[in-house]
Amino acid sequence: MIEENVKRILGELPAGVELVAAAKTRTPEDILQAVEAGIKILGENYVQEAREAFELVGRKVKWHFIGHLQRNKVKKAIEIFDMIETLDSPELAAEIDKRCSQAGKIMPVLIEINSGREKQKFGVLPEDAEVLIKTVAEFKSIKIKGLMTMGPAFGNPEDARPYFIKTKKLFDKIKTLDFPGVEMKCLSMGMTNSYRVAIEEGANMVRIGTKIFGPRSYD
Ligand SMILES: *Cc1c(COP(=O)(O)O)cnc(C)c1O
(Lines give C-alpha, C1' and ligand atoms only; values in the text may rest on other atoms or scores of the structure.)
Protein backbone atom coordinates (compact mmCIF):
# COMPACT_ATOMS: atom_id res chain seq x y z
CA MET A 1 0.00 0.00 0.00
CA ILE A 2 2.49 2.59 1.18
CA GLU A 3 4.90 1.70 -1.59
CA GLU A 4 2.28 2.04 -4.35
CA ASN A 5 0.99 5.27 -2.86
CA VAL A 6 4.43 6.85 -2.79
CA LYS A 7 5.21 5.78 -6.35
CA ARG A 8 1.87 7.02 -7.65
CA ILE A 9 2.24 10.44 -6.01
CA LEU A 10 5.88 10.83 -7.08
CA GLY A 11 4.86 9.94 -10.63
CA GLU A 12 2.12 12.53 -10.59
CA LEU A 13 3.99 15.53 -9.15
CA PRO A 14 5.30 18.03 -11.69
CA ALA A 15 9.07 18.48 -11.94
CA GLY A 16 10.36 20.88 -9.32
CA VAL A 17 7.74 20.02 -6.71
CA GLU A 18 9.18 18.29 -3.64
CA LEU A 19 7.21 15.76 -1.63
CA VAL A 20 7.37 15.83 2.16
CA ALA A 21 5.86 12.69 3.70
CA ALA A 22 3.93 13.91 6.76
CA ALA A 23 4.62 11.06 9.16
CA LYS A 24 2.85 12.00 12.41
CA THR A 25 1.46 9.01 14.35
CA ARG A 26 3.01 6.47 11.93
CA THR A 27 5.25 3.67 13.10
CA PRO A 28 8.96 3.78 12.30
CA GLU A 29 8.42 0.63 10.17
CA ASP A 30 5.77 2.33 8.01
CA ILE A 31 7.98 5.37 7.68
CA LEU A 32 10.89 3.19 6.57
CA GLN A 33 8.64 1.60 3.93
CA ALA A 34 7.84 5.02 2.54
CA VAL A 35 11.53 5.86 2.43
CA GLU A 36 12.34 2.65 0.63
CA ALA A 37 9.64 3.51 -1.92
CA GLY A 38 11.36 6.79 -2.76
CA ILE A 39 10.51 9.42 -0.12
CA LYS A 40 13.41 11.87 0.26
CA ILE A 41 11.95 14.22 2.88
CA LEU A 42 10.11 13.24 6.08
CA GLY A 43 7.93 15.77 7.89
CA GLU A 44 7.45 15.29 11.63
CA ASN A 45 5.22 17.22 14.04
CA TYR A 46 6.67 15.88 17.28
CA VAL A 47 10.30 15.71 18.30
CA GLN A 48 9.87 12.50 20.30
CA GLU A 49 8.19 10.67 17.40
CA ALA A 50 10.89 11.89 15.08
CA ARG A 51 13.58 10.50 17.38
CA GLU A 52 12.01 7.05 17.25
CA ALA A 53 11.75 7.07 13.46
CA PHE A 54 15.23 8.56 13.20
CA GLU A 55 16.69 5.54 15.04
CA LEU A 56 15.49 3.35 12.19
CA VAL A 57 15.76 5.63 9.17
CA GLY A 58 18.71 7.88 10.02
CA ARG A 59 20.17 10.28 7.49
CA LYS A 60 18.95 8.47 4.37
CA VAL A 61 16.42 11.31 4.09
CA LYS A 62 16.06 14.97 5.03
CA TRP A 63 14.00 15.68 8.16
CA HIS A 64 11.62 18.64 8.22
CA PHE A 65 9.89 19.81 11.37
CA ILE A 66 6.28 20.74 10.46
CA GLY A 67 4.55 20.93 13.86
CA HIS A 68 4.46 23.63 16.48
CA LEU A 69 7.92 23.77 18.03
CA GLN A 70 8.07 24.51 21.73
CA ARG A 71 11.12 26.36 22.90
CA ASN A 72 12.05 23.66 25.38
CA LYS A 73 12.25 21.13 22.51
CA VAL A 74 14.58 23.14 20.30
CA LYS A 75 17.80 21.65 21.62
CA LYS A 76 16.63 18.11 20.78
CA ALA A 77 15.03 19.20 17.52
CA ILE A 78 18.18 20.65 16.04
CA GLU A 79 19.98 17.34 16.51
CA ILE A 80 17.62 15.73 13.98
CA PHE A 81 16.02 18.28 11.71
CA ASP A 82 17.46 19.66 8.48
CA MET A 83 14.73 22.29 8.21
CA ILE A 84 12.14 23.87 10.48
CA GLU A 85 9.10 24.78 8.37
CA THR A 86 7.12 26.47 11.13
CA LEU A 87 9.09 29.43 12.44
CA ASP A 88 6.60 32.07 13.55
CA SER A 89 8.09 34.18 16.34
CA PRO A 90 11.26 36.08 17.22
CA GLU A 91 11.41 34.22 20.55
CA LEU A 92 11.52 30.83 18.84
CA ALA A 93 14.06 32.16 16.35
CA ALA A 94 16.29 33.37 19.19
CA GLU A 95 16.23 29.94 20.81
CA ILE A 96 16.97 28.13 17.52
CA ASP A 97 19.78 30.56 16.81
CA LYS A 98 21.31 30.09 20.26
CA ARG A 99 21.18 26.29 20.12
CA CYS A 100 22.45 26.09 16.54
CA SER A 101 25.25 28.48 17.29
CA GLN A 102 26.32 26.27 20.25
CA ALA A 103 26.17 23.21 18.00
CA GLY A 104 27.99 24.91 15.12
CA LYS A 105 25.02 24.50 12.75
CA ILE A 106 23.04 26.73 10.43
CA MET A 107 19.31 25.91 10.41
CA PRO A 108 17.27 26.48 7.24
CA VAL A 109 13.75 27.64 8.14
CA LEU A 110 10.47 28.51 6.49
CA ILE A 111 8.28 31.25 7.96
CA GLU A 112 4.82 29.88 8.75
CA ILE A 113 2.04 32.16 7.55
CA ASN A 114 -1.37 32.07 9.21
CA SER A 115 -3.04 32.72 5.88
CA GLY A 116 -6.53 31.96 7.22
CA ARG A 117 -6.08 34.43 10.09
CA GLU A 118 -7.35 31.74 12.45
CA LYS A 119 -7.01 32.58 16.15
CA GLN A 120 -6.29 29.04 17.22
CA LYS A 121 -3.66 28.48 14.52
CA PHE A 122 0.04 29.09 14.67
CA GLY A 123 1.93 31.16 12.14
CA VAL A 124 2.47 34.86 11.65
CA LEU A 125 -0.26 37.01 10.10
CA PRO A 126 0.54 37.92 6.49
CA GLU A 127 0.97 41.63 7.29
CA ASP A 128 3.46 40.84 10.07
CA ALA A 129 5.64 38.52 7.99
CA GLU A 130 7.95 41.20 6.66
CA VAL A 131 8.93 42.50 10.08
CA LEU A 132 9.47 38.96 11.39
CA ILE A 133 11.63 38.10 8.38
CA LYS A 134 13.78 41.19 8.88
CA THR A 135 14.27 40.25 12.53
CA VAL A 136 15.06 36.60 11.84
CA ALA A 137 17.46 37.53 9.03
CA GLU A 138 19.73 39.07 11.67
CA PHE A 139 20.34 35.71 13.34
CA LYS A 140 23.63 34.22 12.18
CA SER A 141 22.70 30.55 12.65
CA ILE A 142 19.34 30.66 10.84
CA LYS A 143 18.80 30.84 7.10
CA ILE A 144 15.35 31.78 5.78
CA LYS A 145 14.47 29.68 2.73
CA GLY A 146 10.82 30.48 2.09
CA LEU A 147 7.28 30.29 3.41
CA MET A 148 4.91 27.60 4.63
CA THR A 149 1.18 27.72 5.20
CA MET A 150 -1.52 25.31 6.33
CA GLY A 151 -4.60 27.36 5.57
CA PRO A 152 -8.00 26.51 7.03
CA ALA A 153 -9.13 22.88 6.73
CA PHE A 154 -11.88 22.42 4.16
CA GLY A 155 -13.73 19.46 2.76
CA ASN A 156 -13.58 21.05 -0.67
CA PRO A 157 -10.00 21.84 -1.75
CA GLU A 158 -11.24 24.71 -3.94
CA ASP A 159 -12.04 26.57 -0.72
CA ALA A 160 -8.34 26.50 0.18
CA ARG A 161 -7.31 28.20 -3.08
CA PRO A 162 -7.63 31.85 -1.88
CA TYR A 163 -5.25 31.16 1.02
CA PHE A 164 -2.67 29.60 -1.28
CA ILE A 165 -2.98 32.56 -3.65
CA LYS A 166 -2.51 34.98 -0.77
CA THR A 167 0.59 33.15 0.48
CA LYS A 168 2.10 32.99 -3.03
CA LYS A 169 1.62 36.76 -3.42
CA LEU A 170 3.41 37.34 -0.15
CA PHE A 171 6.19 34.97 -1.24
CA ASP A 172 6.65 36.91 -4.50
CA LYS A 173 6.59 40.25 -2.70
CA ILE A 174 9.24 39.22 -0.19
CA LYS A 175 11.34 37.84 -3.01
CA THR A 176 11.16 41.26 -4.72
CA LEU A 177 12.27 43.01 -1.51
CA ASP A 178 15.49 40.99 -1.71
CA PHE A 179 16.42 41.17 1.99
CA PRO A 180 20.10 40.35 2.58
CA GLY A 181 20.54 36.71 3.53
CA VAL A 182 16.90 35.82 2.82
CA GLU A 183 16.19 33.32 0.09
CA MET A 184 12.60 32.88 -1.15
CA LYS A 185 13.04 29.46 -2.68
CA CYS A 186 10.61 27.03 -0.98
CA LEU A 187 6.87 27.52 -0.87
CA SER A 188 5.43 24.71 1.25
CA MET A 189 1.65 24.39 0.95
CA GLY A 190 -0.93 21.70 0.30
CA MET A 191 -1.82 18.44 2.03
CA THR A 192 -3.65 15.29 0.96
CA ASN A 193 -6.88 16.94 -0.06
CA SER A 194 -5.46 20.25 -1.30
CA TYR A 195 -2.04 19.63 -2.82
CA ARG A 196 -3.20 19.74 -6.44
CA VAL A 197 -4.75 23.16 -5.92
CA ALA A 198 -1.66 24.30 -3.99
CA ILE A 199 0.61 23.30 -6.87
CA GLU A 200 -1.59 25.17 -9.34
CA GLU A 201 -1.09 28.23 -7.15
CA GLY A 202 2.68 27.93 -6.98
CA ALA A 203 3.60 25.48 -4.21
CA ASN A 204 6.92 23.75 -4.85
CA MET A 205 6.77 21.66 -1.67
CA VAL A 206 3.72 19.63 -0.61
CA ARG A 207 3.21 17.82 2.71
CA ILE A 208 1.22 14.63 2.31
CA GLY A 209 0.31 12.15 5.05
CA THR A 210 -3.03 10.37 4.58
CA LYS A 211 -2.58 9.70 0.89
CA ILE A 212 0.71 7.94 1.60
CA PHE A 213 0.02 6.11 4.86
CA GLY A 214 -3.80 5.84 4.94
CA PRO A 215 -6.17 7.44 7.45
CA ARG A 216 -4.78 8.28 10.88
CA SER A 217 -6.51 6.41 13.68
CA TYR A 218 -7.73 9.58 15.42
CA ASP A 219 -9.18 11.19 12.25
C1 LIG B 1 -0.62 16.16 9.19
C2 LIG B 1 -0.03 17.29 8.42
C3 LIG B 1 0.03 17.27 7.03
C4 LIG B 1 -0.52 16.14 6.17
O5 LIG B 1 -1.89 16.01 6.30
P6 LIG B 1 -2.70 14.93 5.43
O7 LIG B 1 -4.05 15.53 5.32
O8 LIG B 1 -2.66 13.67 6.20
O9 LIG B 1 -2.01 14.83 4.13
C10 LIG B 1 0.62 18.34 6.38
N11 LIG B 1 1.14 19.38 7.06
C12 LIG B 1 1.10 19.44 8.41
C13 LIG B 1 1.69 20.61 9.08
C14 LIG B 1 0.51 18.41 9.12
O15 LIG B 1 0.47 18.49 10.46
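This text goes with the structure placed above it.
In what follows, the accompanying structure is described. Treat the numbers as computed from the prediction; the structure is a model and nothing was measured.

## A word on the overall build of the protein
Each helix and strand counted, the protein has nine helices and eight strands in total. Relative to the compact-globule value of 17 Å for 219 residues, the protein shows a C-alpha radius of gyration of 16 Å, a close match. Expressed as lengths along the three principal axes of its C-alpha atoms, the size of the protein is roughly 45 × 40 × 30 Å. Of all 219 residues assigned to the protein, the portion counted as buried reaches 52%. Accessible surface for the protein amounts to roughly 10500 Å². Of this, 52% is attributable to carbon and sulfur atoms. The average position of the 34 basic charges and that of the 32 acidic charges among the side chains of the protein differ by 2 Å.

## Points about the pairing of strand β8 (residues 205-208)
What you see with β8 is no split at all: Met205 and Arg207 on one side and Val206 and Ile208 on the other are buried throughout. Taken together, the four bridges between strand β1 (residues 18-22) and β8 define a ladder with parallel strand orientation. Paired with leucine 19 across the two strands is valine 206, which belongs to β8.

## Things to note about helix α3 (residues 47-57)
For α3, the set of buried residues is Val47, Ala50, Ala53 and Val57. Down the axis, α3 shows its buried residues gathered within 120° of arc, on one side only. Of the residues one or two after α3, glycine 58 is the one with positive phi, at around 60°.

## Section: the nonpolar core
With 65 residues, the main nonpolar core has Leu42, Ile96, Leu147 and Ile212 as its most contacted residues. Apart from the residues within four sequence positions on either side, isoleucine 96 is in contact with Leu69, Val74, Ile84, Leu87, Met107 and Ile142. In terms of nonpolar packing, the next biggest core, distinct from the first, is built from seven residues, Ile41, Met83, Cys186 and Met205 among them.

## Some remarks on the side chain of glutamate 201
Mapped onto the fold, glutamate 201 is located in the loop between α8 (195-200) and β8. At a separation of 2.6 Å, a polar atom in the side chain of glutamate 201 contacts the side chain of arginine 161. Sequence-distant contacts of glutamate 201, that is, excluding residues within four places in its chain, are made with Arg161, Phe164, Ile165, Lys168 and Met189.

## Quick notes on helix α1 (residues 2-12)
Every buried residue of α1 is listed here: Ile2, Asn5, Val6 and Ile9. Looking down the long axis of α1, one finds its buried residues gathered within 95° of arc, a one-sided arrangement. Turned more than 90 degrees away from the buried face of α1, the exposed residues are Glu4 and Gly11. In this structure, the buried side of α1 is in contact with β1, α2 (28-36), β8 and α9 (210-213).

## Observations regarding the environment of alanine 129
The topology assignment puts alanine 129 in helix α6 (residues 129-137). Judged by its relative accessible area of 0%, alanine 129 is buried. Measuring from C-alpha to C-alpha, the distance between alanine 129 and tyrosine 46 comes to 24 Å, with 83 residues separating the pair along the chain. Residues contacting alanine 129, with those up to four places away along its chain left out, are Ile113, Val124, Leu170 and Ile174.

## Quick look at the site of the ligand
Taken together, 13 residues form the shell around the ligand, and within it Lys24, Asn45, Thr192, Gly209 and Thr210 come nearest. Here an oxygen atom of the ligand and a side-chain polar atom of asparagine 45 are 2.8 Å apart. Here an oxygen atom of the ligand sits 2.8 Å away from a polar atom, N or O, in the side chain of arginine 216. Alone, the ligand offers 380 Å² of accessible surface; in the complex the protein occludes 92% of this. In terms of residue class, the shell around the ligand is built from six nonpolar, four polar and three charged.

## Points about the pairing of strand β2 (residues 41-44)
Burial of β2 is two-sided: the residues Ile41 and Gly43 facing one way and the residues Leu42 and Glu44 facing the other way are all buried. For β1 and β2, the ladder comprises three bridges, and the chain directions are parallel. From the neighbouring strand, alanine 21 faces β2, where its bridge partner is leucine 42. As for the winding sense of the linkage, the β-α-β connection from β1 through α2 to β2 is right-handed.

The rules we used
Residues numbered from 1 in each chain as written. Predicted model: local features only at pLDDT ≥ 70, side-chain atom pairs only at ≥ 80, totals over all residues. Heavy atoms only, no water. Helix = DSSP H or I, 4+ residues; strand = E, 2+ residues; numbered from the N terminus. Rg over C-alpha atoms; globule rule 2.2 N^0.38 Å. Buried < 20%, exposed > 50% of the residue type's maximum accessible area, 1.4 Å probe, protein only. Areas by Shrake-Rupley, 256 points an atom, 1.4 Å probe, with all protein chains shown as cover. Lys, Arg positive; Asp, Glu negative; His and termini not counted. Charge placed at Lys NZ, Arg CZ, Asp CG, Glu CD. Pairing = 2+ DSSP bridges. Arc of directions from axis to C-beta. Core = buried A, V, L, I, M, F, W, Y, C linked by side-chain atoms within 4.5 Å. Contact = heavy atoms within 4.5 Å. Polar contact = N/O pair within 3.5 Å; in protein donor to acceptor, adjacent residues only side chain to side chain. Near = heavy atom within 4 Å. Nonpolar A, V, L, I, M, F, W, Y, C, P; charged D, E, K, R; others polar. Right-handed = clockwise from strand over helix to strand, strands pointing away.

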